[in-house]
Amino acid sequence: GGAPTSFSTMASSKEIRNQIKSVKNTQKITKAMEMVSVSKMRKAQDRMRQARPYAEKIRDITAHLSTANPEYVHPFMQHRDAVKKAGIIMVTSDKGLCGGLNTNIFRAVTHKMQELHDKGVGIQATTIGSKGMGFMYRAGVKIVSQLIQTGDVPHIDRLVPVIKVQIDAFLKGEIDVIYLAYTRFVNTMTQAPVVEQLLPLPEGHLGTAQEPVAQGDYSWDYLYEPSPRKVLDELMTRYLEALIYQSLAENMASEHSARVVAMKAASDNAKKIINELQLSYNKARQAAITQELSEIVGGAAAV
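Rules and cut-offs
- Residues numbered from 1 in each chain as written.
- Predicted model: local features only at pLDDT ≥ 70, side-chain atom pairs only at ≥ 80, totals over all residues.
- Heavy atoms only, no water.
- Helix = DSSP H or I, 4+ residues; strand = E, 2+ residues; numbered from the N terminus.
- Polar contact = N/O pair within 3.5 Å; in protein donor to acceptor, adjacent residues only side chain to side chain.
- Contact = heavy atoms within 4.5 Å.
- Core = buried A, V, L, I, M, F, W, Y, C linked by side-chain atoms within 4.5 Å.
- Buried < 20%, exposed > 50% of the residue type's maximum accessible area, 1.4 Å probe, protein only.
- Pairing = 2+ DSSP bridges.
- Axes fitted to C-alpha atoms, helices over the stretch in contact; angles between N-to-C directions.
- Phe/Tyr/Trp six-rings, centres within 6.5 Å; stacked < 30°, edge-to-face > 60°.
- Lys NZ or Arg CZ within 6 Å of the ring centre and 35° of its normal.

Caption draft 1: Highlighting the side chain of Thr-126. The topology assignment puts Thr-126 in strand 2 (residues 122–128). Among the polar contacts listed, one links the side chain of Thr-126 to the side chain of Gln-166, at a separation of 3.2 Å. In this structure Thr-126 touches Ile-88, Ile-89, Met-90, Val-144, Ser-145, Val-162 and Gln-166, once residues within four positions along its chain are discounted.

Set out below in structure tokens:
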């Protein structure tokens, strides 16, 4: 009756061996993903930091302009009386394996969409990154434009046509407000999901959503050359381009940082599992050997 036990012990040690092999293969993937993101993270963070001062300055100037009461009020500054439809531009990553990065922005956007839905506001979406496209598709939101495979460097010329669809709809009066959703880079360990109003220019605060400036702290006036219309039209276009570019740069820096952290944790977990499985394998192997020895001894005694 000893033989079947011996066979089952052998089978279990073979299963453990296969399991170890499988976990090692997973570990190779997580380690490779971590190393790739480590090398890309520094460049993405530098790119994002270089773009930040320009984006924040142009945001300040534009916000000051909206309160300076110029002779010409640009359509982007005009607030609609009733908001019937909203546009959401959502920036996510193309690839997964970056922890809770996309889940967090999905949660923030879901919250915003619920808020708009409760007010009876319709929604149309522009998605940058395939994860966001999948999310909007599942949520049943109409996607008017999309961009996937953004690569490692944000290209403004690829972004502009995608964003233009929403801006044209805003100018035609088809939508009354545009929101921009992305993940803002805080540091390597922390990335914050942000949903902010892009158009019309948000009133009541200046600077970034994170660093508001009190409304009464300034009183600026401007002289325009050649004319307010020309200057403002040009500036508004730059304002939108800068903010969209910045949001993509921030999102890329956040994505690589989140992936480094997530993949490092996954690789460490794999190592722990491999060690535990190795221990179980050794125990099973020793048990099998002990069993065989006792059977040989038993057989010899019988003879």
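Caption draft 2: Representation of unusual backbone geometry within the structure. Here the residue pair Leu-199 and Pro-200 is connected by a cis peptide bond, since its omega of -15° sits within 30 degrees of zero. Within the secondary structure, Pro-200 sits in the loop between strand 5 (191–199) and helix 5 (228–302). Residues other than glycine seldom take positive phi values, yet Leu-97 does so here, at roughly 55°. Relative to the assigned elements, Leu-97 resides in the loop between strand 1 (85–91) and helix 2 (101–118). You will see that Gln-149, though not glycine, has its phi angle at about 55°, which is positive.

Caption draft 3: Here's a closer look at the nonpolar core. By size, the foremost hydrophobic cluster in this structure holds 34 residues, and its most contacted members are Ile-89, Ile-128 and Leu-198. Of all the secondary structure elements, the ones that give two or more residues to this core are helix 1 (2–67), strand 1, helix 4 (156–172), strand 4 (177–185), strand 5 and helix 5. Among residues more than four places away in sequence, those in contact with Ile-128 are Ile-89, Met-90, Val-91, Thr-92, Leu-147, Thr-150, Leu-159, Ile-163 and Leu-248. Formed by 17 residues, the second largest nonpolar core is a distinct cluster that contains Ile-88, Ile-105, Phe-106 and Tyr-179.

Caption draft 4: Representation of the side chain of Ser-93 in the model. On the secondary structure map, Ser-93 appears in the loop between strand 1 and helix 2. Of the residues examined, Ser-93 reaches a relative accessible area of 1% and is grouped as buried. Polar side-chain contacts of Ser-93 include one of 2.9 Å to the side chain of Asn-102.

Caption draft 5: Spotlight on the sheet that holds strand 4. What the five strands build is an open sheet, ordered 3-2-1-4-5; its pairing is mixed. The open sheet terminates on both sides in strands that have one partner only, identified here as strand 3 (142–147) and strand 5. Taken over all neighbouring pairs, the strand axes of this sheet differ in orientation by 20° on average, direction set aside. In the sheet, strand 1 pairs with strand 4 via five bridges, with the strands oriented parallel. Looking across to strand 4, one finds that Met-90 is bridged to Ala-181. This element, helix 2, spans strand 1, strand 2, strand 4 and strand 5 of the sheet and lies at about 40° to strand 5. On the sheet, helix 5 packs against strand 1, strand 2, strand 4 and strand 5 and is oriented at approximately 35° with respect to strand 4.

Caption draft 6: The arrangement of the packing of aromatic side chains in detail. Under the criterion given, the structure shown has two aromatic pairs. Taken together, a centroid distance of 4.4 Å and an interplanar angle of 5° make the contact between Phe-106 and Phe-135 stacked. Of this pair, Phe-106 sits in helix 2 while Phe-135 sits in helix 3 (residues 130–139); the two residues are 29 residues apart in sequence, bridging distant segments of the chain. Geometry around Phe-170 places Arg-80 over its ring, the cationic atom sitting 4.2 Å from the centre.

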